[in-house]
Amino acid sequence: MALKEQGKKLRRLMKVLAKGHSVRPIRADMAWLDHLILYLLQYEAPVTVAEKAFRAMQTEFVDWNELRVTRPLDLESFLDDQRVDPSLAPVLKELLQHVFDGDHCVSLDFLRDRDDEAVRRYFHRARRLPAHVGEYMLLAFLGRPQLPLDVHTERVLRRLGFIGKKFSPERVRKTVDALAPTSEAMQYHMLFLEHGKKTCTRDAPRCDRCPLAKDCDFARKASRDGRDSSSGEGGSPEGADPGTGRKGTERRGAQATPAG
Ligand code: SF4
């Protein structure tokens, strides 16, 4: 199918997804660091759970610096109490330490004056952060209209058949840029995120209740092979971090590593 036709198909599927998910982008007028912490919570947990956990964090800790120096086990236990995956604790602590190491304050405001590449490199150096965070922050705060290529987006697009198994990271990026309208980048990102968290999950996609199933290569193939699609792809899930095995904030999707 030509790219133009694929773009039309994707727009149609995103409208279907939008009917099932009430996505609301995180407010762009928040401080960058507040926004990013809420986003990371939301990347792991349902939106309402993430928002509640964020408010609880603001009550429990005097400021982000206190959270930075909190014992890892205490933070894990706090997240667990909030029904957020405790494995997010080292990610948050590393982020805050990375920010603090920059100029001994816990704020990302200085990034406002940096160019795009510097912003990407800055987040890329925090090794536990999902690899797309730089792209996300550029979209959310600096109005760069490009769909972040995170593991959910890549997984869903791959299963639907928009991205081929043998595509190089560069070709994945080029294809996604050609298919996703820049004006919809944030809406698409939040929809892929919600769909990837709730339905098209890494290990057990719920094709039987997915509104995209009749247009999905993965579901069609599973049905043709008489296989239960909820078994996922098994073995080596795409985008997984071989080091941590983290599901939500897996590192290193299809992105090329920025220089520097
Ligand atoms: S049908 Fe299954 S594999 Fe396809 S998008 Fe839906 S949940 Fe994912």
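Every value quoted in this text rests on a predicted model; they were computed, and no experiment measured them. (Residues numbered from 1 in each chain as written. Predicted model: local features only at pLDDT ≥ 70, side-chain atom pairs only at ≥ 80, totals over all residues.)

## Examining the overall build of the protein
Looking only at helices and strands, the protein features twelve helices and zero strands. For the protein, the proportion of its 260 residues judged to be buried stands at 37%. Here the contacts in the protein between residues at least 6 apart in sequence split such that 66% fall between residues at least 24 apart. (Helix = DSSP H or I, 4+ residues; strand = E, 2+ residues; numbered from the N terminus. Buried ≥ 20, exposed ≤ 12 C-beta atoms within 10 Å, placed from the backbone. Contact = placed C-beta atoms within 7 Å.)

## Some points on the confidence of the model for the protein
Averaged over all residues, the pLDDT of the protein equals 87, while 88% of them reach at least 70. Note on residues 234–260: pLDDT under 50 across the span, and 56 contacts to partners over four residues away in sequence or across chains. (pLDDT = per-residue confidence, 0-100.)

## Considerations on unusual backbone geometry
At Arg83, a position not held by glycine, the phi torsion is positive, near 65 degrees. Here Arg83 shows up in the loop between α5 (72–81) and α6 (89–103).

## Brief notes about the site of the ligand
Within the structure, the ligand sits among 15 residues, and Cys200, Cys207, Cys210, Cys216 and Ala219 are positioned closest to it. The element contributing the most residues to the shell around the ligand is helix α9 (residues 151–160), with three residues. Its residues assigned to classes, the shell around the ligand shows eleven nonpolar, two polar and two charged. (Near = placed C-beta within 6 Å. Nonpolar A, V, L, I, M, F, W, Y, C, P; charged D, E, K, R; others polar.)

## Here we look at the environment of Pro211
Among the secondary structure elements, Pro211 is positioned in the loop between α11 (185–198) and α12 (217–224). When the C-alpha atoms of Pro211 and Thr199 are compared, they prove to be 9.7 Å apart, with twelve residues separating the residues in sequence. Not counting residues up to four positions away in its chain, the partners in contact with Pro211 are Val16 and Gly20.

## Focus: helix α3 (residues 47–60)
For α3, with 14 residues, the first-to-last C-alpha span of 20 Å sits near the 20 Å given by 1.5 Å per residue. The complete set of buried residues in α3 reads Ala50, Ala53, Phe54 and Met57. Projected down its long axis, α3 carries its buried residues within an arc of 105 degrees, all on one side. Residues of α3 that are exposed and point more than 90 degrees away from the buried face comprise Thr48, Arg55 and Thr59. Where α3 is buried, its residues touch α2 (32–44) and α4 (64–69). (Expected span 1.5 Å × (residues − 1). Arc of directions from axis to C-beta.)

## Quick notes on the nonpolar core
The biggest cluster of nonpolar side chains holds 62 residues, and the ones touching the most others in it are Leu40, Leu41, Leu92 and Met137. A per-element tally of this core places α2 first, with seven residues. Taken domain by domain, the makeup of this core includes at least three residues from each of domain 1 (3–22 + 147–231) and domain 2 (32–142). (Core = buried A, V, L, I, M, F, W, Y, C linked by C-beta atoms within 7 Å. Domains from an automatic or database assignment.)

## Details of the environment of Leu13
Structurally, Leu13 is set in helix α1 (residues 3–20). It is 6.7 Å that separates the C-alpha atoms of Leu13 and Leu212, two residues lying 199 residues apart in sequence. In contact with Leu13, other than residues within four places in its own chain, are Leu160, Leu212 and Asp215.

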